[in-house]
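Summary of structural features
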Amino acid sequence: MNQYQVSAAEKKFIGSHILVAILALAVGSLFGPLQAFEHAGWDFYTYLKPWIKSYYQGLTVHGVLNALVWTTFFIMGFLTFNVIFGLKRPLKNPTLNKVGFWMMVVGVLAAAIPILANQATVLFTFYPPLKANWAFYVGLTLVVVGSWVEGWGLFMTYADWRKENKSERTPFVAFGSLVTILLWQICTLGVAVEILTMLLPWSLGLIEGVDPQLARTYFWFTGHPLVYFWLLPAYISWYAMLPKQAGNGKMFSDSLARLAFWIFLVLSTPLGFHHQYVDPGVPPAWKFIHSLLTFGVFFPSMMTAFTVIASLEHAGRKQGGKGIFGWIGKLKWSDPSVTSQLLAGILFFFGGIGGLANASYNVNLVLHNTAFIPGHFHLTVATAVTLSFIGISYWLVPYLTGRKLWQPAWARIQAWVWFVGMIIFSNSMHVLGLLGAPRRVPLGLAPYVPAEWNSRLFQVGLGGAILFVSGIMYLAVMYKTATNKERVESEVIVPIAEAMQDPAKSPVWLDRWAPWIYGTLALIVIVYGPQLVEQIANIALTSPGFRVW
Amino acid sequence: MANKDKEDEEFRPTGTLAILAIFVVTLIAIWATIYMILVGRGGTL
Amino acid sequence: MSAHKMHVDSYERNWMIFSAVLLVVFATAVSVAAFGMGIQVPAPEQRVDPRTVATDPNSPWSNPGLREIAPGKYDAYILARAVPLWEYLPKELTVPAGSSVTFYVTSPDVQHGFKIQDTNANFMVLPGQVSKLTVKFDKAGTYNFICTEFCGAGHGIMYGAITVTP
Ligand code: HEM
Ligand SMILES: [Cu+2]
Ligand SMILES: [Cu+2]
């Protein structure tokens, strides 16, 4: 089979993203198990003192490197690949994309220096008036702006394609990637404004104080869509690649998949107040409106669940699966990329359930900032997304490097170990949260922990230990693959599932950008505008900075 | 490209519905449990 | 607009309708709890100057503590602070069973949280803002209130307790 040839230079460029991403995951994830051990009362930080001063310095490294760096770099690399490969054309202006990439790299380094110097122990949410060194804010800004620049490069490539292919439907993997990037460009305005108008001038001493409530409002303008920026690339793979890998299945509904992506674009920004249900400075009426919109954005995920599972069922039946569940065993579990993504998807069911509970307005009073929250997002970003990206890397890295995946059996076991470890870890975190345990506390040392939490705290540590093993296995597989002397015989075939109905027959409005963009902006103005105006009009820059770590 | 095969035409995702049914039952059970904790703890006004 | 109609499989259409109905049911349940049973999230109460809120003699938080405003009804002014040490002022409160206590909590320094175990009181505490919710304590016992937002090195030891006497 002949497939579109991505140039060697572009493969290298995409590969650089994946490399930075995996390095970030390697360092960032190291702290995860240490944190989990701390919950169980097994303290390692005493020995880390020369390098890492505290649990919280480590937690900042963990949050920033995993949730921001690993995700963003992997995503920008994967989406760049999808656009080039999907549209079958090279980047219009590779230099622009390179500039974006290097801005991101410099940004990560700029933020890393104060973090490692314990000058930015503010966690990945960097809520003021905790005040980090200015280089931390500059670094974050560079990462965001660099990702914008890369996005512009991809939009320009698309614009050229569109000029030459006026009536064609955008190929799905490119379409989904471009929507994801557009979503990112819109939603990151929140943190951009937060940093540029408040945190950066404040950390440089140009202004005396900040308004913590307004800062949170800006932050969560970006913070919720951020999770869709993480998730949608995994969805692209689940929709359009996994069915093919799992047994030559077809995408059950191309048009509903596209509709789901548009709904994500429109709905994922104007609901950030669902992270601020228990903030003192936001009126309940707006919180309630945002909660209804949050229920709305759950809907396209339900659509995704149906289409993805149906496409997998199609694959399994093609492989001879019979009966209601017989097709599941026929999926290609021998392929580590398939195994990782299927296991990621299974845990995402539970991530979705927890997310819906968090999002349910006053139900948040039971859950807010308890251990339930990290329990939840280790199923979503740390598993549904991370384990899917790991699965993608199992074909993408051999594709990019031309080197054979080292020990596929290890890779497969790695995914299962992650699955088991995460079930134990996350289940106990959820239960602890329901019992009232707070997040962001090394619970093994907290003075108020009742005896009834102890067995669960032990399970957190146990899950962390198992996850540690899985993480090491992944790094070993990646390292050995990247340095593997054995090369693939011919270029790895990129798995792209066909759609059951010809996409050319899907409605034209699913391939028009303007109405959806206007709709997105209008909704943001309607449900964010009034509160933003009010909070900005009443801004009180009365909080000086604190370094209390 | 994407041709509608006869076998695709006849494909009914019954297993999908079964999985989703299990999912929905779990979803309702967990959500309702947490909701009942909330309600059991009473008003805040 | 287009000659092409959207094709939706009948199973999938039913699934979508079902999902929408389910979400409406959840939204209704939440609304009943909020507007029917008065289980509400915090509303803007008042704004304060964090630089003076703990020291200005006119500020209730310069003298934090419990005030009985009517028989069995209390206002509790609580200061959550990280400087000089991570603590709540006051750290301990005592009320008789059956009391209804309205909490007014603020911070003179960084962000904190405030969660009273086994109750629906769980909210953010921000400098410059006052967080307010009410709890009715029917059962005697000790209710810890703990900090749920990272507020610096001592975040994990920051807590207090409410004793409800029979
Ligand atoms: C190797 C497996 C991992 C383990 C054992 C682990 C464990 C933990 C633990 C125990 C916490 C601290 C909870 C707290 O103090 O509240 C935490 C926080 C966190 N983890 Fe992980 N984690 C792992 C991997 C990941 C991955 C892959 C990601 C994201 C891609 C991730 C994202 C986060 C985030 C965003 C936080 C919150 C940090 C904060 O509260 O500021 N973790 N993790
Ligand atoms: Cu605190
Ligand atoms: Cu705290």
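Preceding this paragraph is the structure being described.
This is a predicted model, so every value here is computed, not measured.

**A few points about the overall build of chain B**
Broken down by element type, chain B carries two helices and zero strands. Taken over 45 residues, chain B has a buried fraction of 38%. A total accessible area of about 2,400 Å² is found for chain B, and carbon and sulfur atoms account for 66% of it.

**Quick word on helix 2 (residues 14–41) of chain B**
All names here are of chain B. Over its 28 residues, helix 2 extends 41 Å from the first C-alpha to the last, a length consistent with the 40 Å expected when each residue adds 1.5 Å. Every buried residue belonging to helix 2 is among G15, T16, A18, I19, L20, F23, V24, L27, W31, I34, Y35 and L38, and all of these are buried. Just downstream of helix 2, G42 is the residue with a positive phi angle, here 85 degrees.

**Remarks on the packing of aromatic side chains**
Residue and element names in this part refer to chain A. Going through the model one piece at a time under the given rule, you end up with 68 aromatic pairs over all chains. Taken together, a centroid distance of 6.5 Å and an interplanar angle of 85 degrees make the contact between F261 and F264 edge-to-face. Of the two residues, F261 and F264 are both situated in helix 10 (residues 254–267); the distance of three residues between them amounts to about one turn of the helix. The pair F261 / F264 is uniform in exposure class, with both members buried. The side chain of K131 reaches across the aromatic face of W202, ending 5.1 Å from its centre. Over the ring of F175 we find R258, and its NZ or CZ is 5.2 Å from the ring centre.

**Some points on the pattern of salt bridges**
Residues and elements named next belong to chain A. By the definition in use, this model includes 18 salt bridges over all chains. Taking the shortest distance from any N to any O, the salt bridge between K92 and D160 comes out at 3.3 Å. Of this pair, K92 sits in the loop between helix 3 (55–87) and helix 4 (94–116) while D160 sits in helix 5 (residues 134–164), and the two are 68 residues apart along the sequence. A relative accessible area of 17% means that D160 is categorised as buried. Measuring nitrogen to oxygen at the nearest pair gives 3.6 Å for the salt bridge that ties K163 to D160.

**Points about the pairing of strand 7 (residues 122–125) of chain C**
Residues and elements named next belong to chain C. Where strand 6 (residues 112–116) and strand 7 come together, four bridges link them in antiparallel fashion. The residue bridging F114 from the neighbouring strand is F123, located in strand 7. Here strand 6 folds back onto strand 7 in antiparallel fashion, the turn holding five residues, of which D118 has a positive phi close to 65 degrees.

**Quick word on the coordination of the copper ion (ligand 2)**
Four donors placed tetrahedrally about a metal ideally form angles of 109.5 degrees, and six donors placed octahedrally ideally form angles of 90 or 180 degrees. Residue and element names in this part refer to chain C. Looking at the copper ion (ligand 2), the protein donor atoms are H112 (ND1), C147 (SG), C151 (SG) and M158 (SD), and they sit 1.9 to 2.5 Å from it. Between the four donor atoms coordinating the copper ion (ligand 2), the angles at the centre fall across 98 to 127 degrees, so the site counts as tetrahedral. Between the copper ion (ligand 2) and the copper ion (ligand 3) the interatomic distance amounts to 2.6 Å, and C147 serves as a bridging ligand to the pair. With a gap of 39 residues between them, H112 in strand 6 and C151 in the loop between strand 9 (141–146) and strand 10 (159–165) connect regions that are remote in the sequence.

**Remarks on the site of ligand 1**
Residue and element names in this part refer to chain A. In the neighbourhood of ligand 1, 27 residues make up the surrounding shell, with Y55, H62, H378, R439 and R440 lying closest. At 2.7 Å from a nitrogen atom of ligand 1 is found a side-chain nitrogen or oxygen belonging to H378. At 2.4 Å, a backbone N or O of R440 approaches an oxygen atom of ligand 1. Secondary structure elements with two or more residues in the shell around ligand 1: helix 1 (8–40), helix 3, helix 15 (372–401) and helix 17 (454–482). When residues of the shell around ligand 1 are assigned to their parent elements, the largest contribution, seven residues, is made by helix 1. Here the residues of the shell around ligand 1 are counted per class, giving 16 nonpolar, nine polar and two charged.

**Some words on the interface of chain B and chain A**
Contact residues are listed per partner, giving 29 residues for chain B and 34 residues for chain A. Taking both sides of the interface into account, the surface hidden between chain B and chain A amounts to around 2,800 Å²; carbon and sulfur atoms contribute 78%. When the buried area of chain B at its contact with chain A is split by residue, F11(B), F23(B) and I34(B) rank highest and sum to 22% of it. Counting every contact that joins chain B to chain A gives zero salt bridges. Put simply, chain B and chain A have five residue pairs in polar contact (both at pLDDT 80 or more) between them. Breaking the side of chain B that touches chain A down by element, the ones donating at least two residues are helix 1 (6–10) and helix 2 of chain B. The biggest single contributor to the side of chain B that touches chain A is helix 2 of chain B, with 18 residues. In the side of chain B that touches chain A, the residues fall into 17 nonpolar, six polar and six charged.

What counts, and where the lines are drawn
Residues numbered from 1 in each chain as written. Chains lettered and ligands numbered in written order. Predicted model: local features only at pLDDT ≥ 70, side-chain atom pairs only at ≥ 80, totals over all residues. Heavy atoms only, no water. Helix = DSSP H or I, 4+ residues; strand = E, 2+ residues; numbered from the N terminus. Buried < 20%, exposed > 50% of the residue type's maximum accessible area, 1.4 Å probe, protein only. Areas by Shrake-Rupley, 256 points an atom, 1.4 Å probe, with all protein chains shown as cover. Expected span 1.5 Å × (residues − 1). Phe/Tyr/Trp six-rings, centres within 6.5 Å; stacked < 30°, edge-to-face > 60°. Lys NZ or Arg CZ within 6 Å of the ring centre and 35° of its normal. Salt bridge = Lys/Arg side-chain N within 4 Å of Asp/Glu carboxyl O. Pairing = 2+ DSSP bridges. Donors = N, O, S within 2.8 Å, 3.2 Å for Na, K, Ca; no water. Tetrahedral: all angles 85-135°; square planar, octahedral: opposite > 155°, others 65-115°. Near = heavy atom within 4 Å. Polar contact = N/O pair within 3.5 Å; in protein donor to acceptor, adjacent residues only side chain to side chain. Nonpolar A, V, L, I, M, F, W, Y, C, P; charged D, E, K, R; others polar. Contact = heavy atoms within 4.5 Å. Buried area = accessible area lost by both parts, 1.4 Å probe.

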